[in-house]
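# Chain and residue survey
The lines below spell out each chain.
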Amino acid sequence: MSVQRRGLRARPVPPRSPDSRPAERRLVQVRVEIGGRVYEGDLAAESRVPTDPDGLSAALAENPARTAWWAAAEALALTQAEQAENARARLYAELFSLNEAVLVRTDADGKRAKPTVDAVKSAILKSPDYQRALVDVTRANEAARLMRVARDAMRDRKDSLLEVARNYRAELDASMKDSVPAVRARVQALLRARAAGVK
């Protein structure tokens, strides 16, 4: 994970060299720009579940921080999406008033006729500014969805880590149960030998 300074729009940025990785590998690369910073991570690596005891302990210890990091990134992305939607709605209202005034017609009798709502909406949808606002909303929503996927991956990782830890503990308990009678028999044999005077 790294955070770098970039532009001001939240938008997914394609991987640097898409042909160097298989398609399924690129799907787990998350790189999103939110509020002028780039949030990126490899969800395959982030959600990896180690099976060795030391790695498992370390992963269990660091998982809350990872989950919090992705959840905070999701909150920023959701805020960015709300701001983009608010900007789009504000632009729509401004363009509606502007186009309503511009599209006023004078009919054959010399009377001024207000444009229809459909005519005003059509003019708004054709506006390049409005098209950019729609793209910004789409990108911001996509960034928020990607951050949610990453946060959910960390939640699922926690569940997997706990399951592996439970399995590991069950294996240890089973091996201890199997070895306890053998150890007990060996200790008793040593105690009997000591009591008999054999050293």
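Residues numbered from 1 in each chain as written. Predicted model: local features only at pLDDT ≥ 70, side-chain atom pairs only at ≥ 80, totals over all residues. Heavy atoms only, no water.

## Focus: the nonpolar core
Ranked by internal contacts, the top residues of the largest apolar core, which has 14 residues, are V30, V32, I34, L43, W70, A77 and M147. Sorting the residues of this core by element identifies β3 (29-34), α3 (53-102) and α5 (128-195) as the ones contributing at least two each. Looking at which element gives the most residues to this core, the answer is α5, with six residues. Counting residues in hydrophobic clusters, the runner-up holds seven residues, among them F96, V120, Y130 and A133. (Core = buried A, V, L, I, M, F, W, Y, C linked by side-chain atoms within 4.5 Å. Buried < 20%, exposed > 50% of the residue type's maximum accessible area, 1.4 Å probe, protein only. Helix = DSSP H or I, 4+ residues; strand = E, 2+ residues; numbered from the N terminus.)

## Topic: the environment of T116
With respect to the secondary-structure elements, T116 resides in the loop between β6 (112-113) and α4 (117-126). The sequence separation of T116 and L103 amounts to 13 residues, and the corresponding C-alpha distance is 9.0 Å. In terms of polar contacts, T116 uses its side chain to reach the backbone amide nitrogen of A119, at 3.1 Å. (Polar contact = N/O pair within 3.5 Å; in protein donor to acceptor, adjacent residues only side chain to side chain.)

## Focus: the environment of A87
Assignment of secondary structure puts A87 in helix α3. Relative accessible area serves as the criterion here: at 33%, A87 is assigned to the partly exposed category. Taking the C-alpha atoms as reference points, A87 and Y130, separated by 43 residues in sequence, lie 9.9 Å from one another.

## A look at the side chain of D42
Tracing the chain through its elements places D42 in strand β4 (residues 37-42). Under the relative-accessibility criterion, D42 is labelled buried at 16%. Among the polar contacts listed, one links the side chain of D42 to the backbone nitrogen of A44, at a separation of 3.0 Å.

## Side note on a nonpolar patch on the surface
Taken together, the side chains of V183, V187 and L191 define a hydrophobic patch exposed on the protein surface, amounting to about 260 Å² of accessible area. Along the polypeptide, V183 turns up in helix α5. (Patch = residues over 30% accessible without salt bridge, like charges linked within 9 Å, V, L, I, M, F, W, Y side chains within 5 Å. Areas by Shrake-Rupley, 256 points an atom, 1.4 Å probe, with all protein chains shown as cover. Salt bridge = Lys/Arg side-chain N within 4 Å of Asp/Glu carboxyl O.)

## Regarding the packing of aromatic side chains
Throughout the structure, instances matching the rule amount to three aromatic pairs. Seen in terms of ring centroids, Y92 and F96 are 6.3 Å apart; in terms of plane orientation they differ by 35 degrees. Their pairing is tilted. Residue Y92 and its partner F96 are located together in helix α3, separated by four residues, close to a single helical turn. On the numbers, 5.7 Å between centres and 55 degrees between planes, the contact of Y92 with Y130 is tilted. Here the residue Y92 occupies a position in helix α3, and Y130 occupies one in helix α5, the gap between them amounting to 38 residues. By relative accessible area, Y92 is classed as partly exposed at 23%. Residue class for Y130 comes out buried when judged on its relative accessible area of 4%. By the ring-pair criterion, three or more aromatic residues cluster together here, those being Y92, F96 and Y130. (Phe/Tyr/Trp six-rings, centres within 6.5 Å; stacked < 30°, edge-to-face > 60°.)

## Let's talk about the pairing of β4
Taken residue by residue, a regular strand's side chains alternate between the two faces of the sheet. The buried fraction of β4 is high, at five of six residues. Where β3 and β4 come together, six bridges link them in antiparallel fashion. Paired with V30 across the strands is G41, a residue of β4. (Pairing = 2+ DSSP bridges.)

## Observations regarding the pattern of salt bridges
Oppositely charged side chains can pair when the atoms bearing their charge come close. Enumeration according to the criterion identifies 13 salt bridges in this entry. Between D129 and R132 there is a salt bridge, with its nearest N and O atoms 2.2 Å apart. In this pair, D129 and R132 are both assigned in helix α5, three residues apart and thus about one turn of the helix distant. For R132, a relative accessible area of 48% gives the class partly exposed. Linking K158 and D159 is a salt bridge whose minimum nitrogen-to-oxygen distance equals 3.9 Å. For K158, a relative accessible area of 39% gives the class partly exposed. Of the residues examined, D159 reaches a relative accessible area of 39% and is grouped as partly exposed. Residues joined in a network through salt bridges with shared partners are E74, R148, R151, D152, R155 and D156.

That is the geometry; function is a separate question.
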